[in-house]
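In case you want the letters, here they are:
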Amino acid sequence: MASPLRFRTWPITATKNIFPLLQEMGLKLTAEEIDGTSFSCGAKPTFSEALVSVGSTGRGGTGSFISDNGLIITNWHVAHEAVRVASLAADKDYLADGFSANGQADEIKSPYECWITTSCVDVSERVMAVIKAEPDPLKRANAVRDCTQAIAAEAQKVATPDGSEGSVRCDVQEMLPNESYVLFTKTRLLDVRIVYSPPKSLGNFGGDTDNFEWPRHTADFALLRAYASPDGAPATYSEQNVPYKPRSSIVVSQSGAENDDFVFLLGFPGSTMRYAPVSRLRFEDEVTVPARVADFGRKLSMISKHEKVSPEAALKLKGHKKGLGNEYKRCKGKIVMMRKLGLIKERAAEETALIAKAGEEAKKVLDRLTAIYGELKEMSAFTAAQDALQGIYGGSGVLSAGNLLNEYVNHEFAKADEERESRFRERNLAILVKYFKNRLNDVVLPYDCEDIADAIKGASVFDELSGFADIIGDDIQAACATSHEVLSANLEKAMAGDAAAMEVVKNDRFVRAAGSMYDAYVRNRDKERALISERDELFAKLIELMRAHSGKNVVFYPDCNGTLRISAGHVSGYRAADAVQHLSKTTLAGVLDKAGDAKAGGGGDVHEFDCPDRLVDLVQRDPSKAETPCCLLYSTDTVGGNSGSPVMNANGELVAVNFDRQRQGLMNEYKWSSHFSRSIGVDVRFVLFLVGVYDSNERILKEMLRK
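We now turn to the structure provided with this report. What you are looking at is a predicted structure, and each value in this text was computed from that prediction instead of being measured.

Here is what the cut-offs are and how they apply
- Residues numbered from 1 in each chain as written.
- Predicted model: local features only at pLDDT ≥ 70, side-chain atom pairs only at ≥ 80, totals over all residues.
- Heavy atoms only, no water.
- Core = buried A, V, L, I, M, F, W, Y, C linked by side-chain atoms within 4.5 Å.
- Buried < 20%, exposed > 50% of the residue type's maximum accessible area, 1.4 Å probe, protein only.
- Contact = heavy atoms within 4.5 Å.
- Helix = DSSP H or I, 4+ residues; strand = E, 2+ residues; numbered from the N terminus.
- Expected span 1.5 Å × (residues − 1).
- Axes fitted to C-alpha atoms, helices over the stretch in contact; angles between N-to-C directions.
- Nonpolar A, V, L, I, M, F, W, Y, C, P; charged D, E, K, R; others polar.
- Pairing = 2+ DSSP bridges.

## Some words on the nonpolar core
When a protein is soluble and globular, its nonpolar side chains tend to lie buried together. Counting 98 residues, the largest nonpolar core has Trp10, Ile34, Leu223, Phe264, Leu266, Leu690 and Met704 as its most contacted members. Ignoring sequence-local partners within four residues, the contact set of phenylalanine 264 consists of Leu27, Leu29, Ile34, Ile566, Ser567, Ala568, Pro646, Val647, Met648, Asn649 and Gly652. Grouped together as the second largest cluster of nonpolar side chains are 40 residues, Phe436, Leu487, Met495 and Met502 included.

## So, helix H15 (residues 445-459)
Every α-helical turn comprises 3.6 residues, leaving residues that sit three or four positions apart pointing alike. Under the 1.5 Å per step criterion, the end-to-end length of H15 is 21 Å for 15 residues, consistent within 8% with the ideal 21 Å. When we look at burial in H15, the residues that qualify are Tyr447, Asp448, Cys449, Asp451, Ile452, Ala455, Ile456 and Ala459.

## Focus: the packing of helix H13 (residues 397-412) against H15
At a minimum axis distance of 8 Å, the contact between H13 and H15 shows a crossing angle of 65°. From H13, Gly397, Val398 and Leu399 reach across to H15, where they touch Asp448, Asp451, Ile452 and Ala455. Looking at the contact of H13 with H15 residue by residue, the class counts come to four nonpolar, one polar and two charged.

## Some thoughts on the sheet that holds strand S13 (residues 262-267)
Within the open sheet, the eight strands sit side by side as S1-S14-S13-S19-S20-S21-S18-S17. Their pairing is antiparallel. The open sheet terminates on both sides in strands that have one partner only, identified here as strand S1 (9-11) and strand S17 (585-587). Direction aside, the axes of adjacent strands within the sheet are offset by 30° on average. Taken strand by strand, helix H1 (residues 15-25) contacts S1, S13 and strand S14 (565-570), and its axis lies near 15° from that of S14. Across the face of the sheet, helix H23 (residues 684-694) comes into contact with S17, strand S18 (629-634), strand S20 (654-661) and strand S21 (679-683) while running at roughly 35° to S21.

## Overview of helix H14 (residues 426-441)
With 16 residues, H14 ought to run about 22 Å at 1.5 Å a step, and its terminal C-alpha atoms sit 23 Å apart, in line with that. Turning to H14, its buried residues number three or more, namely Arg427, Asn428, Leu429, Ile431, Leu432, Val433, Phe436, Arg439 and Leu440.

What follows is the structure, encoded as structure tokens:
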């Protein structure tokens, strides 16, 4: 059932094991030069140390150091939130206009953090002891939660003997359910600034029309810089901070890559389900994905209406619009490709073959998994209504904050820290507060009010949720405006345990409304948690059976889970459809062609293909510039979270920055295929052209090229 080709992405700690394969594919480095988490590298830098996860809470995408002065390259869409927040603060639209810092003093403060993975330690034995000791699924799930949080908290204290726990982050990640658990330690860089961002017309060229499509011509890259205190230690923003000196950085190639060249990348891919049984795939196909398509489509329609209220409203909603738009198209494409490529039929054949080999034991496991997903399906309508009242997936920030504060001030605050839900433990509160402050800062009241009205309407069919509407009342607009003001003023203080602030929020209408459904929420949460706990136990048995009846050389690598991984492939086109063969490289000539066609009414939204006149003039003055490579296509195994991953050649030089997959590659969450899985990166030659020629920023260009 498990093929050696089930993965082309592996945990960073597997680098040594897969090294013969990488070498055969074309890698010219050693495993020790790549993985800095598993070897005693001493003073020798490794490529993994040049990698950062980047975002407002240290997560969201991938970046990499490309200079010894903390310069980071990532995607335009990964940096989008940082640039959006900077635009609001400066009352300038850096997203639309772009930004290029003339000197370090001009680099713009951002809300982002960067996390460097420094070590990976197997803690499976300790976690498995807890799992084996508790037969009850719900109690077992809670015991695993407590155990993994305790391990992480202990490690964080050991890693920061001076008490500066904010500079280090430790987390235990499940690699294989009920089998493998790893403690990841990360250095947190807390001062990250914006150095360069192309205008939206280039950084998002093609917009939603070209998203998950090939050929692409998008300059989806941005440059950030990490800063530290004068002594080199991680520190929050200060004018006295200096550029961070990373242990390792990646050399930028000036020659890029060509067809058939070996490439590899490192990054933090979010999630895959390569071993998912048919029951889970059907749940995705029939429940999860269609529900998200409907929900995201509704919210995008609301955004298109309310972003017109004012330029400020448009900027505040751009984050939701970008994220929801991407997920909307991804989900629609994913469900089409799952059905078109017959994934469920293929997986069903694998299960039939396993039952033929393993007998009744395999059948019992698969039948119970089917029953569990049947129960989850029965719960799904109530869960969706409850989620809507909690403002998740880009919903109302007021709903979201009201639920957070109800759960914390009325239920979790009084508990001992080791008994709290994970996100409410002391070590996690600062990150939690930062996220929810950002959500409240971005509230656009007309959007929130419409989302609240829709959520209340959807919940009206469930008696357990009916009290919510009664507390909010008929005047949603007035209630929302008042609560937004109250929660914005008191959230941080209430989460810090300030008694007066806690009393204020306890009396807030949205906090009280959240309280009216809290018991139902807990019952539903615990039922789902117990089912997932039982599912994981069965999944572990399924993997055990698959191992027993697979070839000796088949290794069951873990699914992606947001931790550091390596992938490898070759620059390669593919057969897209009957009589359609896609090549592996696009050029600047294609940018001008698409822009010209859109203006002439020949296709696409003119605004999505609105190439800057300055770029058109530049190419017309020197037609040779039209041959500048724009994007590359390659056969690595990537999913969400690999955005910003450095694509490197056999010698470890940067040749592209990963930012997307083509339509067939949407299947990567479930399956990788050498025939149709392709990733897309912005060619480093396009990056250098825009920084050095289009924007004439010699300072940044010289730093990138180490001159």
